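Survey of secondary and tertiary structure
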Amino acid sequence: MIFGVNMQSKSTSVAGRIVSECAQSLMVSLWFMFLTFPIMVIRIKPLDRTIEWRWDNLFYIAIGSFFLSFIWRYLMKKKRDQGSSEDKEDWQNRIGLKMRSEPKVYITGMIVLGIAVTLFPHLFSSYQTQIMISALMYVMLGLGLNIVVGLAGLLDLGYVAFYAVGAYSYALLNHHFGLSFWMALPLGAALAALFGIVLGFPVLRLRGDYLAIVTLGFGEIIRLVLENWNKFSFGPSGIAGISRPSLFGIELTLNQHTIYLYYIMICLVLLTILVVSRLRHSRIGRAWIALREDEVACQSMGIDKTRTKLTAFALGATWAGLVGCIFAAKTTFINPASFTFMESAIILSIVVLGGMGSIIGVIIGALVLILLPEYLRAFSEYRMLVFGASMVLIMVFRPQGIISSLKQHYEFHGQSGEDLG
Amino acid sequence: MEYFLELFLGGLTRGSIYALIALGYTMVYGIIELINFAHGEIYMIGAFTALIAASVLSLLGLSGPSLLILAGVIAVIYSSAYGYTIEKIAYKPLRQAQRLSPLISAIGMSIFLQNYVLLAQTSDFLSFPALIPEFGFMEPISHIMQSSELVIIVTTALCTILLTLFIKFTRIGKAMRATAQDKTMAMLLGVNVNRVVSMTFIIGSALAAVGGVLISSHIGQINFYIGFIAGIKAFTAAVLGGIGSIPGAVLGGLILGWTESFATGYVSSDYEDVFAFGLLVFILIFRPSGILGKASSEKV
């Protein structure tokens, strides 16, 4: 048992335990040296077909897996201990309580944040603002997918399809009919929502994991159609020269456009947060959460399963459509290569890592996952590797994400008994 | 007629590979009800290991069938080891977790493995040597069917028969069937469920590696991304035939192979993948339990 945990009784001496722990780590280390040997050590150069031996990698793997296996076992042990004791008072709850009990701190924090957000494009360069805009786009995408995955518990792996629908509807409407950004924005969102309903209607009867694969298939179909239907979507070469958003007909420089788009994004993100947080506590939002927890019980309580799921799907798609329009307006050029499965995976990992169902979690997740690789350029090629690994690790050790959504307690306050009759 | 026969055999070859990969999906799903999203990546790693092993071995002077067999065996061993390790890291700690957790973990694993190979090797297409030899007796019909196609079809048939016998008659095979039917009951009767699950991953990965080596040698090039599309299509095949059923996986693979082959031959080659995904969506809507699958209702 390589990954087994030391289950010996406490009577064994400390030295004996250290030896056995080290022996286990050594085994893991040897196993990974064997496992990664062909891929990590030997490399075939594609051009001249010579073989390159990289023995130093083997050394790094050995050291790395030796120490990581200690951490792995420690975390596993901690997870098991936590499971037995019902101790849920963690740092997050304490901060939440503190914020509620001291509204002064909360309000001051909000004001400082508001000023920082407003001044951001004036303090930093246009390049920084561009990065911030794309981070905010992912915040919106994450919050949109959060409705579908986090609240309703429907794993949608083809979310990028709705994003593509939004982007292409603005690009095509602008290209053929010269429609402005502000006209196309609601249209793009509506079209995406329509697509959500049309795609969702047949597949929402399926169970969770089937749904994941079918949505993945739909996402790929839409991308392939965009790539191959040259007459409609101009194929792989894409659509160029899409207009930027206008401001009452005032001529703006490129820099001013960026700042303008930044403020549009801030407003839309605020709108998203407002809508999502209101939705969550509404009747339909509670129905989503209930449906996520138990479908059968939900149906027996009289919740229309199909309609509830469909609303989640359509509302999630709406946000993707909105962001799609903004994406087209921001880059002024789109092609199908921007809408691959990897994009869906990034958005999903934002939701998963941030904390499924939690609004603040998703915002933090998006900012961390999008801004960090931008500023750590040297590591940007490892970005997807880290995404993948952290999705696994988060699921294993902290399935609720960085910030877990707090369970809401609802209380009934009848007015002096008259509601109760 | 000849064109039809060519498409038919092309579809059979393609379908055989899908079937080999689909067997791994179907076995894992049958036992722990998990879509092993990283299964396609195992197939890709199998192909890469075979390429690396073949390159090193041919430097040592090996060639011909012995090279194919040795490279194939190394690929099978490594893929099985990867399958075993992935299960231990990404799925076993999540046995008791919510339904979506292992699936998300599997997607993470798949992304991780793709980028691991991308970073450790290359993002370019690598040419894969034609390891399968040209047979003399295939000369007269070589314009319809290549030797490598024959090898692929025969190997798939052999693997399927061996797997069926293994599951039917060996002790561990019986334990597998018992676990698939009722995990708790099997545990009570003394079946080591963890070992059964590990074994399932090892066998499924080995079959995927066989598929990876054969199709790479047939097509002649590989890159880190081949596992993704192949994995999705093999999953389609498994669902098509009825997930959890071994004959179903083979049947589904063949149907998918033929659909793609005839669609690209007679309709349009641009939409090859669209037909595959379209078929998946169609099947799931009208017969979610698949062709040979049994419809099950949820117990409360």
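Values in this document were obtained by computation on a predicted structure and should not be read as measured data.

Observations concerning the overall build of chain B
- A count of helical and extended segments in chain B gives 11 helices and two strands.
- Each helix and strand of chain B, placed in order from N terminus to C terminus, yields the pattern α-α-α-α-β-α-α-α-α-β-α-α-α.
- Expressed as lengths along the three principal axes of its C-alpha atoms, the size of chain B is roughly 60 × 45 × 40 Å.
- Evaluated residue by residue, chain B yields a buried proportion of 53% over its 300 residues.
- Here the contacts in chain B between residues at least 6 apart in sequence split such that 78% fall between residues at least 24 apart.

A look at the packing of helix H5 (residues 126-151) of chain A against helix H10 (residues 254-280) of chain A
All names here are of chain A.
- Running from N to C, H5 and H10 cross one another at 20°; their axes reach a closest spacing of 9 Å. Here H10 runs roughly parallel to H5, going by the angle between their axes. Note that H5 runs across H10; the crossing there is left-handed.
- Residues of the contact of H5 with H10, tallied by class, amount to 18 nonpolar, six polar and one charged.

Structural notes on helix H1 (residues 2-32) of chain B
- Across its 31 residues, H1(B) extends 45 Å between first and last C-alpha, which sits within 8% of the 45 Å expected from 1.5 Å per residue.
- For H1(B), a buried count of 22 out of 31 residues is recorded, marking the element as mostly surrounded by other parts of the structure.

Focus: the confidence of the model for chain B
- In the predicted model, chain B carries a mean pLDDT of 86, and 98% of its residues have values of at least 70.
- This complex was scored by the predictor with a pTM of 0.85 and an ipTM of 0.85.

Observations concerning the interface of chain A and chain B
- Counting residues at the interface gives 43 residues for chain A, matched by 54 residues for chain B.
- At the level of secondary structure, the elements contributing two or more residues to the side of chain A that touches chain B comprise helix H1 (14-41), strand S1 (42-44), helix H7 (181-203), helix H8 (208-228), helix H14 (341-354) and helix H16 (383-397) of chain A.
- Examining the composition of the side of chain A that touches chain B, we find that 14 residues originate from one element, H8(A), more than from any other.
- Looking at the side of chain A that touches chain B, its residues break down into 34 nonpolar, five polar and four charged.

Observations regarding helix H13 (residues 305-331) of chain A
Residue and element names in this part refer to chain A.
- Over its 27 residues, H13 runs 39 Å from end to end, which matches the ideal 39 Å to within 8%, given 1.5 Å per residue.
- In terms of burial, H13 is largely enclosed, as 22 of its 27 residues are buried.
- Looking one or two places after H13, you find Thr-332, whose phi comes out positive at around 55°.

Quick word on the nonpolar core
- Judged by nonpolar contacts, the single largest core of 201 residues is most densely connected at Met137(A), Leu141(A), Tyr163(A), Ala164(A), Ala167(A), Val323(A) and Ala22(B).
- A domain split of this core shows at least three residues from each of domain 1 (14-82) and domain 2 (128-397) of chain A.
- Each residue touching Tyr163(A), except ones within four places of it in the same chain, is listed here: Leu141(A), Ala320(A), Val323(A), Gly324(A) and Phe339(A).

Cut-offs and rules
Residues numbered from 1 in each chain as written. Chains lettered and ligands numbered in written order. Predicted model: local features only at pLDDT ≥ 70, side-chain atom pairs only at ≥ 80, totals over all residues. Helix = DSSP H or I, 4+ residues; strand = E, 2+ residues; numbered from the N terminus. Buried ≥ 20, exposed ≤ 12 C-beta atoms within 10 Å, placed from the backbone. Contact = placed C-beta atoms within 7 Å. Axes fitted to C-alpha atoms, helices over the stretch in contact; angles between N-to-C directions. Parallel < 35°, antiparallel > 145°, perpendicular 65-115°, else oblique. Left-handed = near helix turned anticlockwise from the far one by under 90°. Nonpolar A, V, L, I, M, F, W, Y, C, P; charged D, E, K, R; others polar. Expected span 1.5 Å × (residues − 1). pLDDT = per-residue confidence, 0-100. Core = buried A, V, L, I, M, F, W, Y, C linked by C-beta atoms within 7 Å. Domains from an automatic or database assignment.

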